[in-house]
Amino acid sequence: MEEKIRLIVSSAVSAWAAGFEQRHIDEYDNPDGVINSKVHNIFVAALGDEIRFFSALSRSLDSSLGNLIESIAISIAKVNFEVSQQVEGVLYAEQTAKIGALLERYKNSADSHKPAIEHYQDFPMKGEGQKHSKRHDSDYILKHKTRGDYSLIELKLGGDLDNKKARSEKEALLEQYCILANQLGSDENIRIYFATGYNRYGEGNPWKQGRVLQFFAKDELLISSDFWNFVADSPKGYEIVLDEYRKNAHLISDSINRVKKTYL
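Thresholds applied
Residues numbered from 1 in each chain as written. Predicted model: local features only at pLDDT ≥ 70, side-chain atom pairs only at ≥ 80, totals over all residues. Heavy atoms only, no water. Helix = DSSP H or I, 4+ residues; strand = E, 2+ residues; numbered from the N terminus. Buried < 20%, exposed > 50% of the residue type's maximum accessible area, 1.4 Å probe, protein only. Contact = heavy atoms within 4.5 Å. Areas by Shrake-Rupley, 256 points an atom, 1.4 Å probe, with all protein chains shown as cover. Lys, Arg positive; Asp, Glu negative; His and termini not counted. Charge placed at Lys NZ, Arg CZ, Asp CG, Glu CD. Expected span 1.5 Å × (residues − 1). 1 Å grid on protein atoms, 1.4 Å probe; cavity = no way out; pocket = protein on both sides within 12 Å on 5 of 7 lines; lining within 4 Å. Points joined across faces, edges and corners; volume = space filled by probe spheres on them. Nonpolar A, V, L, I, M, F, W, Y, C, P; charged D, E, K, R; others polar. Phe/Tyr/Trp six-rings, centres within 6.5 Å; stacked < 30°, edge-to-face > 60°. Pairing = 2+ DSSP bridges. Axes fitted to C-alpha atoms, helices over the stretch in contact; angles between N-to-C directions.

A. Representation of the overall build of the chain. A tally of helices and strands in the chain yields 8 helices and 5 strands. Reading the secondary structure of the chain in the N-to-C direction produces α-α-α-β-α-β-β-α-β-α-β-α-α. For the chain, the C-alpha atoms occupy an extent of roughly 65 × 45 × 35 Å along the three principal directions. Scored against the burial criterion, the 264 residues of the chain give a buried share of 46%. Relative to all contacts within the chain whose residues are 6 or more apart in sequence, the contacts with residues 24 or more apart total 76%. A total accessible area of about 13800 Å² is found for the chain, and carbon and sulfur atoms account for 48% of it. Charge separation in the chain, taken as the distance between the mean sites of 34 positive and 39 negative side-chain charges, equals 2 Å.

As structure tokens, this is what we get:
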């Protein structure tokens, strides 16, 4: 398993670094390219070419690195899980109503009804009332290849969610939970999670973002190392991923330096 994870990480980083470098070098003569377009921002340009370069590149780097990390996580998960990113099926009106009522209670800070897994484990399944078909695009729907259990995961690399977003993300996960449970005829082997690729408060420190904790129970959180251990299905998942990434991070640094030499 460790060798597979290391190969996934090293291959992904190598391919990403080459693609990132080539994309920006190809844009050298393109006035609408990511870096060149910054020349028209007089407030950034006045700070000098190097700051203008890194100001433009940092935005592209942050977004692209996020895509890299997510692709690594999906590839690792596929070793032990069947991975899909869409759920579609029947959702009953009584389920929708219960989801809405539950989230309103979470939203009300004066209500002592704090998030807990058992709150939705007794949702009515296969109701007799009105129903409609609904589809959700998901970050991760994981079915363990041997155990057969399902995990619905919403991944935010840094974890930032405002109040409105936190509520809508939990609502989407609960709807997916109900749709999948309706298909399976049971919700016994389904769990939902909010996950982050790293801990914005520092690895090993408590996750303190109140906007997340208002709608997600602590047992629903997969923060940083817990997330990587989960998708790797190994208590050493995080350690292996981070170690291999660090070994290959120079490929990204080297690519950035070559892009810098092209522009400066």
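Structure's up, so let's keep going.
B. Here's a closer look at helix H8 (residues 237–263). The first and last C-alpha atoms of H8 sit 38 Å apart over 27 residues, in line with the 39 Å expected at 1.5 Å per residue. Within H8, the full set of buried residues consists of Gly237, Ile240, Val241, Glu244, Asn248, Ile252, Ser255, Ile256, Val259 and Tyr263. Residues of H8 that are buried in the fold lie against helix H1 (2–26), helix H3 (49–80) and helix H7 (225–232).

C. Region of interest: the layout of surface pockets. Of the voids in this model, the largest pocket is the one considered here, and its volume is about 490 Å³. If you trace the largest pocket, you find 18 residues lining it, with Leu65, Ile69, Leu157, Gly197 and Tyr198 closest to the centre. Among the secondary structure elements, those contributing two or more residues to the lining of the largest pocket are H3 and H8. Sorting elements by how many residues they give to the lining of the largest pocket places H3 first, with 7 residues. Looking at the lining of the largest pocket residue by residue, the classes come out as 10 nonpolar, 5 polar and 3 charged.

D. Here's a closer look at the packing of aromatic side chains. Inspection of the entire model under this criterion finds 12 aromatic pairs. Ring centres of Trp16 and Phe20 lie 4.8 Å apart, and the angle between their planes is 15°; this geometry places the pair in the stacked category. Of this pair, Trp16 and Phe20 are both found in helix H1, 4 residues apart, which corresponds to roughly one turn of the helix. Of the two residues, Trp16 and Phe20, both sit in the buried class. Between Tyr193 and Phe230, the ring centres sit 5.2 Å apart and the planes meet at 55°, which makes this aromatic pair tilted. Here Phe230 lies in helix H7 and Tyr193 lies in strand E4 (residues 190–196), a separation of 37 residues in the sequence.

E. Fine view of the pairing of strand E2 (residues 131–144). Two strands pair when backbone bridges link them, and strand E1 (residues 81–92) and E2 are joined in this way by 11 bridges, in the antiparallel orientation. Within the sheet, the bridge partner assigned to Gln86 lies in E2 and is Asp137. By the bridge criterion, 4 bridges tie E2 to strand E3 (residues 150–155) in an arrangement that is antiparallel. If you follow Ile141 over to E3, its bridge partner there is Leu152. In textbook terms, the turn of a hairpin is the stretch between consecutive antiparallel strands, and for E2 and E3 this stretch comprises 5 residues, one of which, Gly148, has a positive phi near 85°.

F. Representation of the side chain of Glu244 in the model. Within the secondary structure, Glu244 sits in helix H8. The exposure class assigned to Glu244 is buried, which follows from its relative accessible area of 11%. With sequence-adjacent residues up to four places away left out, Glu244 is seen in contact with Arg6, Val9 and Ser10.

G. Focus on the sheet that holds E2. One open sheet holds the 5 strands; their spatial order is E1-E2-E3-E4-E5, and the pairing between them is mixed. Each edge of the open sheet carries a strand with a single partner, namely E1 and strand E5 (221–223). Each neighbouring strand pair of the sheet contributes to a mean axis angle of 40°, computed without reference to strand direction. Across the sheet, H7 touches E1, E2, E3, E4 and E5, and the angle it forms with E5 is around 100°.

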